[in-house]
Amino acid sequence: MGLRCKRCGSEEQVKNGLMRSKQRYRCKACGLNFTDTPARGKPLAMKATAVLLYVSGLSMNRTAKLLGVSTPTIQAWLEQFAAAYAQKPEPEGRAVVIELDEMWHYLKKKSEPLWIWKAWDRASGQLVDWECGGRDKATCERLIQRLARWRTRLYCTDAYAAYTVLLPLGQHYTGKDETHGIERDNARQRHWLARFRRRSIVVSKSKRMVDVSLALFARFAGNSRISDLLSMLT
């Protein structure tokens, strides 16, 4: 494949002098003058590798050392991938069984726990939504309000009082025997993301990175779509 125009992609160009000791070309199709210089920034494959390592259990610091870049660079790549590829599932118009549970994490310091409320669709095995905040009624209510767009026929939760107050009567089952799915998802999250390991010394500096991590986990790890990342490595 020959040299392509950086504006229109045409392979038809002619030499047009030098620019800072580099050969300059003029595109016959659109008239753009350009030099044959490599694109700035790291390739997509390297960024996908960083996300793959992160959702496979490595911390941002360790991933940065392996790839020879800075930790803020890894953080920026994670945020870019979360914005571009990680989207919460849309309701499919079918009646579903939603399992709800909450798990703790540390934000800024270990005296300030952050609670992550999660909703898991039993039929698809997907994490469909989550909300970060306190272990209180207000945080739980924000999540349940968003779940209203799903045709939910049954909510399965533990015995936490907020669920009893907020969930509709007749559609709420209380008992650990019907929350195995969300409990497994919590365990996978703590296993695959170093940020959430129980014995980890990691304390998240921002709520934003907790949300980004959950989005990447739901998109590439929790929902078994790691193949989408592998396809970017070639």
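Please read all numbers here as calculations on a predicted model, not as lab measurements. (Residues numbered from 1 in each chain as written. Predicted model: local features only at pLDDT ≥ 70, side-chain atom pairs only at ≥ 80, totals over all residues. Heavy atoms only, no water.)

**A look at helix α6 (residues 180-192)**
Look at α6: 18 Å from first C-alpha to last across 13 residues, which is about the 18 Å you get at 1.5 Å a residue. Among the residues of α6, Gly181, Ile182, Asp185, Asn186, Gln189 and Arg190 are the ones counted as buried. Packed against the buried residues of α6 are β4 (95-107), β5 (109-121), β6 (126-133) and α7 (207-221). (Helix = DSSP H or I, 4+ residues; strand = E, 2+ residues; numbered from the N terminus. Expected span 1.5 Å × (residues − 1). Buried < 20%, exposed > 50% of the residue type's maximum accessible area, 1.4 Å probe, protein only. Contact = heavy atoms within 4.5 Å.)

**Remarks on the packing of helix α2 (residues 60-67) against helix α3 (residues 71-85)**
The geometry of α2 relative to α3 is characterised by a closest axis approach of 8 Å and an angle of 105° between their N-to-C directions. For the element pair α2 / α3, the angle class is roughly perpendicular. Facing Met60, Asn61, Thr63, Ala64 and Leu67 of α2, the residues of α3 in contact are Thr71, Ile74, Gln75, Trp77 and Leu78. When the residues that make up the contact of α2 with α3 are grouped by side-chain class, the tally is six nonpolar, four polar and no charged. (Axes fitted to C-alpha atoms, helices over the stretch in contact; angles between N-to-C directions. Parallel < 35°, antiparallel > 145°, perpendicular 65-115°, else oblique. Nonpolar A, V, L, I, M, F, W, Y, C, P; charged D, E, K, R; others polar.)

**Quick notes on the sheet that holds strand β3 (residues 33-35)**
Spatially, the three strands line up as an open sheet ordered β1-β2-β3, and their pairing is antiparallel. Two strands bound the open sheet, and with one partner strand each, they are β1 (13-19) and β3. Averaged over neighbouring strand pairs, the angle between their axes works out to 35° when direction is ignored. (Pairing = 2+ DSSP bridges.)

**Description of the confidence of the model for the chain**
With 96% of its residues at a pLDDT of 70 or more, the chain shows a mean pLDDT of 90. Confidence scores differ between elements of the chain, with helix α8 (residues 226-230) showing the lowest mean pLDDT of 82 and strand β8 (residues 172-174) the highest of 96. (pLDDT = per-residue confidence, 0-100.)

**A few points about the sheet that holds strand β7 (residues 151-157)**
Taken in spatial order, the five strands of this open sheet run β6-β5-β4-β7-β8, and their pairing is mixed. What marks the edges here is a single partner per strand, and that holds for β6 and β8. Each adjacent strand pair in this sheet contributes to an overall mean axis angle of 25°, direction not counted. Sheet topology note: the β4/β7 ladder contains five bridges and is parallel. Across the sheet, residue isoleucine 98 finds its bridge partner in β7, namely tyrosine 155. Contacting β4, β5 and β6, α6 crosses the sheet at an angle of about 35° to β4. Here α7 sits on the sheet and contacts β4, β5 and β6; the angle it forms with β6, its principal contact strand, is near 170°.

**Looking at a nonpolar patch on the surface**
On the surface, Ile226, Leu230 and Leu233 cluster together into a nonpolar patch covering about 210 Å² of accessible area. Turning to its location among the elements, leucine 230 is positioned in helix α8. Residue classification places leucine 230 among the partly exposed positions, given a relative accessible area of 42%. (Patch = residues over 30% accessible without salt bridge, like charges linked within 9 Å, V, L, I, M, F, W, Y side chains within 5 Å. Areas by Shrake-Rupley, 256 points an atom, 1.4 Å probe, with all protein chains shown as cover. Salt bridge = Lys/Arg side-chain N within 4 Å of Asp/Glu carboxyl O.)

**With respect to unusual backbone geometry**
Even without glycine at this site, arginine 20 takes up a positive phi of about 55°. Structurally, arginine 20 is set in the loop between β1 and β2 (22-27). Under the relative-accessibility criterion, arginine 20 is labelled exposed at 79%. Within the chain, serine 21 stands out as a residue other than glycine whose phi angle is a positive 70°. Relative to the helices and strands, serine 21 is located in the loop between β1 and β2.

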